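Coordinate analysis (summary)
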Amino acid sequence: MMALLFALFIGLAIGSFLNVLIVRIPKGENVAFPPSHCPVCDNALKWWHNIPLLSWLLLRGRCAYCQSPISRLYPTVELLTGLLFLVLAMKLGLTAEWFITALVFSLLLALSVIDFEYYAVPDSLNFMALGLALLMPLFIFGWDWALGEMRDFSWYQHMLLTRFKDAAIMAFSFFALGLFVKFLIKKDALGEADIIIAGTMGAMLGFPLVLVAIYVSALLAIVPALFARGHMVPFVPFLALGTWITYIFSDTFLQWWNMLYA
Ligand SMILES: [Zn+2]
């Protein structure tokens, strides 16, 4: 119980930082400086205006100085990130794998929000997610070493190699698919961002689960794509959501897969 509360609080704090990334990175602003301020009246926020979730509720969604409304997006991102850390802690326990996995999904959440708002995602955050997903075995290695609970060395080696291989296959598949679709409809269909995310999905899920995730993402994207009719539909949020659903229900999906193909 304490462990889950701890996971929730870490997630809320990370969510608060994600808000900073979501607001500042697309505008090309520095994420560390200046400190948080109200975008309307420019007053610097005190630390008690910055407590995840709680401050927004206590201030009733308004700036403490000028009373202008604060977007609901902030508490929403904080809550979602908190729940993300909590749910993953239930699945993985408080381990290095839990923390890195939660960070990768947090970055995918930030990318999704940015894609919804700007129809473009920053490469910096995208590559950070891919890098963490690829190098996770090194973090697990460091954690196990610190605890003195090392596994067989080949375990880390195998995990690292598998992640690089599956990421490369997925990124190349999306790249090739993008070229093919471009040849067919003479328009860019899959951007660089989608190729990087495909790599992250490959590293996080591996085969065959990553194929399930692509399928789930496409299913989720169909309805909004039909409604949008010609408008752009950001694809990143659906890839992220498909990856999340597949990761959380991985045991069930693997069972189905084995029933069908084994
Ligand atoms: Zn203000």
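Computed from a predicted structure; not experimentally measured. (Residues numbered from 1 in each chain as written. Predicted model: local features only at pLDDT ≥ 70, side-chain atom pairs only at ≥ 80, totals over all residues. Heavy atoms only, no water.)

So, about the overall build of the protein chain. Within the protein chain, the regular secondary structure consists of ten helices and zero strands. For the protein chain, the C-alpha radius of gyration of 20 Å lies close to 18 Å, the compact-globule estimate for 262 residues. Taking the principal axes of its C-alpha atoms as reference, the protein chain extends roughly 60 × 55 × 30 Å. Scored against the burial criterion, the 262 residues of the protein chain give a buried share of 40%. Across the protein chain, every contact between residues at least 6 apart in sequence was considered, and the portion connecting residues at least 24 apart equals 65%. Here the protein chain holds 14 positive side-chain charges and 15 negative ones, and the gap between their average locations is 10 Å. (Helix = DSSP H or I, 4+ residues; strand = E, 2+ residues; numbered from the N terminus. Rg over C-alpha atoms; globule rule 2.2 N^0.38 Å. Buried < 20%, exposed > 50% of the residue type's maximum accessible area, 1.4 Å probe, protein only. Contact = heavy atoms within 4.5 Å. Lys, Arg positive; Asp, Glu negative; His and termini not counted. Charge placed at Lys NZ, Arg CZ, Asp CG, Glu CD.)

As a further point, take unusual backbone geometry. If a residue is not glycine, its phi is most likely negative; likewise, a peptide bond is most likely trans. With an omega of -5°, the peptide bond running from phenylalanine 33 to proline 34 counts as cis. That bond from phenylalanine 207 to proline 208 is cis: its omega, 0°, falls within 30 degrees of zero. In this structure, proline 208 sits in the loop between α7 (192–205) and α8 (209–228). Notably, leucine 53 is not glycine yet its phi reads approximately 65°, a positive angle. Looking at the secondary structure, you find leucine 53 in the loop between α1 (2–24) and α2 (54–58). A positive phi is found at glutamine 67, a non-glycine position, where the angle reads about 65°. As for its placement among the helices and strands, glutamine 67 is situated in the loop between α2 and α3 (73–92).

Protein-derived ligands of the zinc ion are Cys38 (SG), Cys41 (SG), Cys63 (SG) and Cys66 (SG), with the metal-ligand distances lying across 2.3 Å. Here the zinc ion is ringed by four donor atoms whose angles at the metal span 104 to 117°, and the overall shape comes out tetrahedral. For the zinc ion, the single-chain donor residues occur in sequence as C-x2-C-x21-C-x2-C. One end of the pair, cysteine 38, is in the loop between α1 and α2; the other, cysteine 66, is in the loop between α2 and α3, with 28 residues separating them in the sequence. (Donors = N, O, S within 2.8 Å, 3.2 Å for Na, K, Ca; no water. Tetrahedral: all angles 85-135°; square planar, octahedral: opposite > 155°, others 65-115°.)

A complete count under the given rule lists twelve aromatic pairs for this structure. With a centroid separation of 5.7 Å and 90° between ring planes, the pair formed by phenylalanine 85 and tryptophan 98 is classed as edge-to-face. Here phenylalanine 85 is found in helix α3, whereas its partner tryptophan 98 is found in helix α4 (residues 96–118), with 13 residues between them in sequence. Comparing phenylalanine 85 with tryptophan 98, the two get one shared label, buried. Between the aromatic rings of phenylalanine 141 and phenylalanine 153, the centroid separation amounts to 6.1 Å while the plane-to-plane angle is 85°, which identifies the pairing as edge-to-face. (Phe/Tyr/Trp six-rings, centres within 6.5 Å; stacked < 30°, edge-to-face > 60°.)

Here we come to the pattern of salt bridges. Within the structure shown, the criterion is met by one salt bridge. We note a salt bridge from aspartate 144 to arginine 151, for which the minimum N-O separation is 2.8 Å. Since its relative accessible area comes to 4%, aspartate 144 is described here as buried. By relative accessible area, arginine 151 is classed as partly exposed at 38%. (Salt bridge = Lys/Arg side-chain N within 4 Å of Asp/Glu carboxyl O.)

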